[in-house]
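Listed below are the residues making up each chain.
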Amino acid sequence: MTVLTIPSRRRDWRRSTAVIIVGAVVIGAFWTVEVNWARLAELPAQVLHYLWLMFSDPDWSKVPEALGQTWKSVAMAWVGTVIGILLSFPLGFLAARGFSPAPVRWGMRVGFAIIRAVPEIIIAIAILSVTGLTPLTGALALAIGSVGTLGKWGYEAIEGVDPGPIEATRASGGNIAQILRWGVWPSATPDFISFWLYRFEINVRSSAVLGLIGVGGIGDMLTSYTQFREWSTVGVLIIVVVIVTMGIDAVSGAIRRRIVEGT
Amino acid sequence: MVVEHTSPTGAASPWSVSMRDVTVRYASGVVALKNVSLDIRPGEMVSVVGLSGSGKSSLIRTINGLVPITSGSLRVGGYHLESARAGELRRLRGEIGMIFQGFNLAKRTSVLNNVLVGRLAHTTTLRTLLGAYRASDREIAFEALDRVGILSKVWDRASSLSGGQQQRVAIARALCQEPRLVLADEPVASLDPPTAHEVMDDLRRINQDLGITVITNLHLIDLARSYGTRIIGLRAGEVVFDGPVESASDSVFAKIYG
């Protein structure tokens with residue numbers, strides 16, 4: 001029997017360092033955040049108490065109003081997504097390698113990154129002074145937020161497409177617009193439609209949160225009833241939000257899967 | 001749908017290519033072509049042979065300006081490539097069909113849309129963006145498909161076709177340009193031998209029936225012998241052989257392949 005000479009395993013000091021740093025941050029975080037550990041013990045009882053208040057005797061008479069407000073939220077999400085698509089589509093191309101000069105490209109990318117770093121609710125508060133406490137504010141905030149993610153996904157999809165058709169359209173004398181239309185777009189369509197639907201799902205959830213600042217919709221209604229501690233109505237609202245959101249997620253997700261598989 | 005046959009595509013006069021001391025150096029520092037001088041006459045069928053990395057791909061791509069030349073002069077048709085502007089390059093490319101090893105079709109769209117890419121330089125940008133091609137452009141596309149024998153697939157998705165069929169669509173795309181010159185970069189390297197011969201036959205017909213100048217990169221000696229009338233051998237970016245097929249003996253190939 002031959003003796004195997006196993007090469008000695010190299011220790012990667014970068015990996016060890018990373019483990020130590022992450023460990024230190026986690027321990028440090030526990031140390032500095034002042035958590036009242038004693039109250040944590042009361043949490044399960046409290047959760048049960050509020051669940052009981054909300055769901056023991058839901059006020060079903062509020063369902064029509066809740067549905068109406070949810071519709072408003074979904075409409076806000078829809079309008080926001082459509083505006084976001086219209087803005088992000090050309091901007092995404094301007095951020096893609098091979099289709100725009102480096103300064104423009106990096107400007108776009110930094111712009112997208114900044115937008116992604118700011119939560120929609122902060123964007124909404126920022127534009128509130130101009131547009132007022134209206135659903136339009138919510139839609140615009142979602143539109144701006146969508147540009148950050150859709151723009152990034154867009155240029156990544158464009159840069160990732162098969163370069164063959166691009167070379168073929170260029171070789172047949174196509175200009176930039178024609179290369180994008182016939183060299184890039186046919187390969188990137190499923191990605192784009194999938195991103196748009198996914199962002200719509202995200203916006204439906206975000207639109208409920210935006211209600212918290214009073215721009216209307218289901219979130220607005222939820223805040224009011226929570227403030228007045230009308231738990232039986234809050235319970236109904238939560239049920240409606242969860243069902244509607246899950247329904248939209250399911251339908252949109254099914255469409256996305258069909259698009260991605262049907263390639 | 002029946003399309004009446006009009007004059008054969010490619011009625012325009014074929015182009016010549018004239019290279020003088022052409023050198024191509026890439027940004028990476030790699031020298032792909034060294035002082036290459038060639039004259040290709042209108043209507044010739046030329047095979048360019050050499051090992052991979054010998055500069056065949058670069059040579060063929062200098063002709064339609066996909067690869068810019070570093071020094072020397074290159075004249076294709078009436079265009080001077082060493083000084084051509086972007087707009088001129090697009091017009092030049094509009095007259096030159098190109099066929100690739102990997103077919104380079106937009107797989108998720110129809111065969112017709114792929115063939116109509118050949119009309120991009122010959123119609124307005126707005127029409128091409130909307131896919132609203134003129135009836136005359138569509139007719140050219142149908143004729144091109146018919147010429148390579150796959151008109152029946154016109155509405156199919158490109159991805160549903162076999163490799164040989166996809167390469168025929170790519171040839172139809174090139175024909176749809178009504179080209180004066182066709183460049184083929186390893187057109188049969190991804191195909192099985194019988195299909196390879198069918199595709200090479202198509203290219204030969206383009207040359208013989210339409211009189212279009214055809215320049216084909218090949219790495220297989222027997223294909224180059226059966227389908228070219230003239231062979232150009234490249235080795236490490238330099239022309240090491242240039243002559244009629246008859247004079248390309250085994251010792252010549254040994255020299256090319258080293």
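Calculation rules
- Within every chain, residues take consecutive numbers counted from 1 along the sequence as written.
- Both sets of labels track the order of writing: A upward for chains, 1 upward for ligands.
- Only residues with pLDDT of at least 70 get local features here, since the model is predicted, and only at 80 or more are side-chain atom pairs given and counted; chain-wide, interface and lining totals rely on the full set of residues.
- In this description, a residue-residue contact is defined by the distance between C-beta atoms placed from the backbone, which must lie within 7 Å.
- Only DSSP runs of H or I reaching four residues or more are called helices, and only runs of E reaching two or more are called strands; each is numbered from the N terminus.
- Classes in brief: Ala, Val, Leu, Ile, Met, Phe, Trp, Tyr, Cys and Pro nonpolar; Asp, Glu, Lys and Arg charged; the others, Gly included, polar.
- Confidence of the predictor at the level of single residues is given by pLDDT, which spans 0 to 100.
- Axis definition: a line fit to C-alpha positions, over the contact stretch in the case of helices; interaxial angles, taken between N-to-C directions, run 0 to 180 degrees.
- Reported orientations rely on four angle classes, namely roughly parallel under 35 degrees, roughly antiparallel over 145, roughly perpendicular from 65 to 115, and oblique for the rest.
- Crossing handedness: left-handed means the near helix sits turned counterclockwise from the far one by under a right angle, and right-handed means the same turn made clockwise.
- Multiplying one less than the number of residues by 1.5 Å gives the expected span of a helix.
- Whether a residue is buried, exposed or partly exposed is read from the other C-beta atoms within 10 Å of its own C-beta, which are placed from the backbone; 20 or more gives buried, 12 or fewer gives exposed, and intermediate counts give partly exposed.
- Only when DSSP finds a minimum of two bridges between them are two strands counted as paired.

Chemist: How would you sum up the interface of chain A and chain B? Please name residues and give values.
Modeler: Listed by partner, the interface residues are 20 residues for chain A and 22 residues for chain B. Of all elements in the fold, only helix H8 (163-171) and helix H9 (176-210) of chain A reach the threshold of two or more residues within the side of chain A that touches chain B. Among the elements that line the side of chain A that touches chain B, the one with the most residues is H9 of chain A, at eight residues. A per-class count over the side of chain A that touches chain B returns six nonpolar, 11 polar and three charged.

Chemist: Residue-level account of the confidence of the model for chain B, with values.
Modeler: All names here are of chain B. For chain B, per-residue confidence averages 91 on the pLDDT scale, and 96% of positions sit at 70 or higher. When the criterion is pLDDT under 50, residues 1-10 qualifies, and its contacts beyond four places in sequence or with other chains add up to 17 contacts. Across the interfaces of the predicted complex, the ipTM metric reaches 0.90, alongside a pTM of 0.81.

Chemist: Quick rundown of the packing of H8 of chain A against H9 of chain A? Include the residues and the values.
Modeler: If you want to describe how two helices pack, look at the angle between their axes and the distance between the axes. All names here are of chain A. With their axes 9 Å apart at the nearest point, H8 and H9 run at an angle of 160° to one another. As judged from the angle between their axes, H8 and H9 are roughly antiparallel. Between H8 and H9 lies a crossing whose hand is right-handed. For the pair H8 and H9, contact is made by Pro165, Ile166, Ala168, Thr169 and Arg170 and by Gln178, Ile179, Trp182, Gly183, Val184 and Ser187, respectively. Of the residues that constitute the contact of H8 with H9, the class distribution is six nonpolar, four polar and one charged.

Chemist: Describe helix H7 (residues 135-160) of chain A, naming the residues involved and giving the relevant values.
Modeler: Between its terminal C-alpha atoms H7 of chain A stretches 37 Å, which fits the 38 Å expected from 26 residues at 1.5 Å a residue. Burial of H7 of chain A is extensive: 21 of the 26 residues sit out of reach of the surface.

Chemist: Account for the sheet that holds strand E2 (residues 31-40) of chain B, with residues named and values stated.
Modeler: All names here are of chain B. A sheet is described by the order of its strands in space; here four strands give the open sequence E2-E1-E4-E5, paired in antiparallel fashion. Strands at the two margins of the open sheet, each flanked by one partner only, are E2 and strand E5 (79-80). Sheet analysis places strand E4 (residues 71-76) next to E5, joined by two bridges and oriented antiparallel. The residue of E5 that forms the bridge with Val76 is Tyr79.

Chemist: Help me get a handle on the environment of Tyr225 of chain A, residues and values and all.
Modeler: All names here are of chain A. Here Tyr225 shows up in helix H10 (residues 218-227). With 10 residues separating them in the primary sequence, Tyr225 and Gly235 have C-alpha atoms 9.9 Å apart. Here Tyr225 is in contact with Glu230, Thr233, Val234 and Leu237, once residues within four sequence places are set aside.

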